[in-house]
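# Fold and contact review
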Amino acid sequence: MQSSLPLLIDRASGVPLHLQVAEQFRAAVMDGRLQAGHRLPSTRDLARDLSVSRSVTQAAYDQLHAEGWIEGRTGAGTFVTDVVPLQPAVRRRAAHRPDADAQLLTLRPGIPYIAPTPDPGWRRAWREVSTQSPPRGYDDAPGLPALRAALADHVARVRGIACGPENVLVTNGTVHGLRLLLTVTREAGDRIGIEDPGYLNAVAAARDHRLEIVDVPVDEDGLQVVELADDVDAVYVTPSHQYPLGGRLPVARRNELVRWARRTGSLLIEDDYDSEFRYDVAPLPALAQLDLERVVHLGTLSKTLSPALRLGWLVASEAMVDRLAAFRANSGDWPAWPMQAALLAMLRDGYLDRVVRRGRRLYAERRTHTCEVLAPYGQVIGQDAGLHITLLLSCNTDDRRIAAAAREAGVVVAPLSEYRRSIPGPPGLVIGYATPSTSDLHRALTVLTGVLSGR
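Cut-off values and rules
Residues numbered from 1 in each chain as written. Predicted model: local features only at pLDDT ≥ 70, side-chain atom pairs only at ≥ 80, totals over all residues. Heavy atoms only, no water. 1 Å grid on protein atoms, 1.4 Å probe; cavity = no way out; pocket = protein on both sides within 12 Å on 5 of 7 lines; lining within 4 Å. Points joined across faces, edges and corners; volume = space filled by probe spheres on them. Helix = DSSP H or I, 4+ residues; strand = E, 2+ residues; numbered from the N terminus. Nonpolar A, V, L, I, M, F, W, Y, C, P; charged D, E, K, R; others polar. Pairing = 2+ DSSP bridges. Contact = heavy atoms within 4.5 Å. Axes fitted to C-alpha atoms, helices over the stretch in contact; angles between N-to-C directions. Parallel < 35°, antiparallel > 145°, perpendicular 65-115°, else oblique. Left-handed = near helix turned anticlockwise from the far one by under 90°. Expected span 1.5 Å × (residues − 1). Buried < 20%, exposed > 50% of the residue type's maximum accessible area, 1.4 Å probe, protein only. Arc of directions from axis to C-beta. Phe/Tyr/Trp six-rings, centres within 6.5 Å; stacked < 30°, edge-to-face > 60°. Right-handed = clockwise from strand over helix to strand, strands pointing away. Salt bridge = Lys/Arg side-chain N within 4 Å of Asp/Glu carboxyl O. Core = buried A, V, L, I, M, F, W, Y, C linked by side-chain atoms within 4.5 Å.

Once that is clear, we can look at the layout of surface pockets. Considered as a void within the structure, the second largest pocket measures approximately 490 Å³ in volume. Lining the second largest pocket are 20 residues, with P109, G110, Y199, N201 and K303 positioned closest to its centre. Broken down by secondary-structure element, the contributors of at least two residues to the lining of the second largest pocket are α7 (174-185) and α8 (200-208). In terms of residue class, the lining of the second largest pocket is made up of 9 nonpolar, 6 polar and 5 charged.

In space, the 3 strands of this open sheet follow the order β1-β3-β2, with antiparallel pairing throughout. Pairing within the sheet leaves two strands with one partner each, and these edge strands are β1 (39-40) and β2 (70-73). As judged from the 4 bridges shared by β2 and strand β3 (residues 77-80), these two strands associate in the antiparallel manner. Considered in β3, the bridge of E71 is made with F79. Its contacts with the sheet place helix α3 (residues 54-66) against β1, β2 and β3, and it is angled at close to 105° to β2.

Right, let's get into the packing of α7 against α8. One way to put it is that α7 packs onto α8 with a least axis distance of 10 Å and a crossing angle of 25°. As judged from the angle between their axes, α7 and α8 are roughly parallel. Along this stretch, α7 crosses α8, giving a crossing that reads as right-handed. On the side of α7, the interface is formed by V175, L178, R179 and L182, while α8 contributes N201, A202, A204, A205, A206 and D208.

Given 3.6 residues per turn, any residue in an α-helix points the same way as the ones three and four places further on. The end-to-end C-alpha distance of helix α9 (residues 251-264) is 20 Å, a good match for the 20 Å that 14 residues give at a rise of 1.5 Å each. Along α9, the residues classified as buried are R253, R254, L257, V258, W260 and A261. One face of α9 carries all of its buried residues, which in axial projection span an arc of 155°. Facing away from the buried side of α9 by over 90 degrees, the exposed positions are A252 and R263.

A full pass over the atoms with the stated rule returns 6 aromatic pairs. Ring centres of Y243 and Y273 lie 4.9 Å apart, and the angle between their planes is 70°; on these two criteria the pair is classed as edge-to-face. Of this pair, Y243 sits in the loop between β9 (234-237) and α9 while Y273 sits in the loop between β10 (267-271) and α10 (287-290), and the two are 30 residues apart along the sequence. Assigned by exposure class, Y243 and Y273 land together as buried.

So, on to the environment of A434. Tracing the backbone shows A434 in the loop between β17 (428-432) and α15 (438-452). You can call A434 buried: its relative accessible area is 1%. C-alpha of A434 to C-alpha of L169: the two residues are 265 residues apart in sequence and 28 Å apart in space. When neighbours within four sequence positions are excluded, A434 is seen to be in contact with I111, P112, Y113, Y363, R366 and L387.

With that out of the way, let us pick up the pairing of strand β6 (residues 191-196). Judged by how many residues are buried, β6 sits mostly within the fold: 5 of 6 residues are covered. Where β6 meets strand β7 (residues 212-219), 6 bridges bridge the pair, whose relative direction is parallel. Within β7, the residue paired with I194 across the bridge is D215. You can see the chain leave β6, run along α8 and come back into β7, and the turn it takes is right-handed.

We now examine empty space enclosed by the protein. This structure, assessed with the given rule, holds 2 cavities of 30 Å³ or more. Size it by volume and the largest cavity reaches roughly 70 Å³. If you go around the largest cavity, the residues you meet are R159, P239, S240, R248, R254, D274, S275, F277, R278, P283, L284 and A385. Here the second largest cavity is characterised by a volume of approximately 30 Å³.

For sheets, the rule is that strands pair by backbone hydrogen bonds, running either parallel or antiparallel. In space, the 8 strands of this open sheet follow the order β5-β12-β11-β10-β9-β6-β7-β8, with mixed pairing throughout. On the outer flanks of this sheet lie β5 (168-171) and β8 (222-223), each paired with one strand and no other. Along the sheet face, helix α6 (residues 145-159) touches β5 and β12 (312-315) and points at about 105° away from the line of β5.

A few words on helix α5 (residues 120-130). The set of residues buried in α5 consists of G121, R123, A125 and V129. Buried residues along α5 sit in contact with α12 (337-349) and α13 (351-374).

Quick look at the pattern of salt bridges now. The full count for this structure, using the stated rule, is 18 salt bridges. Here R358 ties to D119 by a salt bridge, and the two come within 2.8 Å at their closest N and O atoms. Residue R358 is found in helix α13, and its partner D119 is found in the loop between β4 (105-106) and α5; the two are separated by 239 residues along the sequence. Overlapping salt bridges, with partners in common, bring together R124, D349 and R354 in one network.

A few words now on the environment of G386. Assignment of secondary structure puts G386 in the loop between β13 (379-381) and β14 (388-392). The exposure class of G386 is buried, given its relative accessible area of 0%. Spatially, the C-alpha atoms of G386 and D353 are 16 Å apart, while their sequence positions differ by 33 residues. Excluding anything up to four places from it in sequence, G386 contacts H241, D274, F277, Y279 and Y433.

Here we come to the nonpolar core. F25, Y363, L374, I431 and L448 are the most contacted members of the largest nonpolar core, which totals 49 residues. The set of elements that each furnish at least two residues to this core consists of α1 (17-30), α2 (43-50), α3, α13, β14, α14 (399-408), β17 and α15. Per element, the largest residue contribution to this core is 6 residues, and it comes from α15.

Laid out in structure tokens, this is it:
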């Protein structure tokens, strides 16, 4: 059955026309006016009905398809996917426990866009898990053998790391892998180099393990290897998209870093942050591809599927994986079997690859729009990859004051100064463009530019 809805176009609203169309279709699905299997009008017919160009309706459909609301069927047309709107009971529980941040638009970095309804690939994976019996006893401490093999194939294909299942250990995410690694390989008082500005959770992990943190400066290309002291025992680095400035460590500097580690005997901890999402740039080799004896590689699903899954992987030498697994066998600290089985199903089905491809299309458009909107207000850096950009502000600007004013106006954004420790640098804002819906992103940027303009 083809569905026809009364749609309104407000040419004076300032919101792009295709986003107005997409938002009204989403609302129709959520309130039940459009249901799974309903056929939508063609982009040509819809354009005629709304008196807009076909490019507007095509862009709206592309947006809805990228977010998982609709699907095209060859020779049949475009249909609403099998989605399930939120039930009233869920809304009542949310209203019973008010969250002050729930009404805020967020531009904080590091969280992907999560569609409000699950897509078919997600549901297939969990259906497959539901047909399996759980292990009879405790599962393997390094992770399910089949999953370790699938992850070895995955990182070899997408990151160029030559490894086998014996080199893979399943984790609860990057921070979990980092803390496990520090527990097993480091002692109190060891010196660890961490990028400054850098990832706050890595700093917290090092402090909790009573390590001496050595702040290492970064520039537009990432960590400055030349600034590393030879007495540093380990280095934590984000070479794919430096967090938060966004630099991508060049090949020459990656080689220099590995040579330094070989010469000093130091351990390199590679957080492969944001490596999945690249725009207009070719992928660079993972550090672990250069030397798996010196490098421990940390990967996660937090930026592709959801941080709430708490799943990731660690790739290292066989000896290192055995050492970590032996410790974990006694601690009992590893991901639950259903989560691992679901990830295995997603890898075998190609679902993870499809999510990444879809995300690249969605985030590339958002990245371009975010950069265009913010360019008049400072220097935009780190836009070649990832889920965030950084806006550098004039030196006399208080970025924490700007962030506080934005929050007061309804938008959460991270000040760059909160990532700095001892090495000074310009103020700025770290702006994630992935989390909100596209229409909410436009609204949040309008609020933020108003704050930056002093309005």
